[in-house]
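Each chain is listed here by its residues.
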Amino acid sequence: MKDRARYFMLPPEEIAYVGFLIHSYEGLGVVRTLDGDLGMVEILFSPFMEEELEELLKAIGKEVCLKELSREEVYSLGRSLDLCPL
């Protein structure tokens, strides 16, 4: 079965932290930075690990502002995107 991808925006200073958390769960997923200035990352994961990844993302979302992006948003994203409006 082919790996899947999900895309997120987060504060750039949190990329390493989120990557570390996901990588610390062996086999859960791989985090790739697509644009460090914007805080855009791609998470590659096996469909077999989707539930576990979702649980971890919900927990991380309580600490770090995560905004999920569609593949189309990733390709068309401009620097005007507001990460986490309050």
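Everything here concerns the structure above.
The following refers to the structure shown. Residues take numbers from 1 onward in each chain, read along the sequence in its written order. Where local features are concerned, this predicted model is filtered to residues with pLDDT of at least 70; where side-chain atom pairs are given and counted, the filter is 80 or more; whole-chain, interface and lining totals use all residues. For side-chain calculations, the full set of non-hydrogen atoms in the structure is used, while hydrogens and water are omitted.

1. So, the sheet that holds strand E1 (residues 4–9)
Okay, step 1: Pairing between strands is defined by DSSP: at least two bridges between them are needed. Secondary structure follows DSSP: runs of H or I at least 4 residues long count as helices, runs of E at least 2 residues long count as strands, and numbering of each begins at the N terminus. Here we have 4 strands laid out as an open sheet, ordered E2-E3-E1-E4, and antiparallel in their pairing. What marks the edges here is a single partner per strand, and that holds for strand E2 (30–35) and strand E4 (67–69). Taken pair by pair, the neighbouring strands of this sheet meet at an average axis angle of 35°, ignoring direction.
Okay, step 2: Summarising the sheet, E1 and E4 pair through 3 bridges and their orientation is antiparallel. The residue bridging Met 9 from the neighbouring strand is Lys 67, located in E4.
Okay, step 3: By definition in these notes, contact holds between two residues if any of their heavy atoms fall within 4.5 Å. Lines fitted to C-alpha atoms define the axes here, with helix axes fitted over just the stretch in contact, and angles between the N-to-C directions of these axes take values from 0 to 180 degrees. Sheet contacts for helix H1 (residues 15–24): E2 and strand E3 (40–45); angle to E2, the most-contacted strand, approximately 160°.

2. Regarding the environment of Glu 52
Okay, step 1: By secondary structure assignment, the location of Glu 52 is in helix H2 (residues 50–61).
Okay, step 2: Linking Glu 52 and Tyr 25, residues 27 residues apart in sequence, is a C-alpha distance of 9.5 Å.

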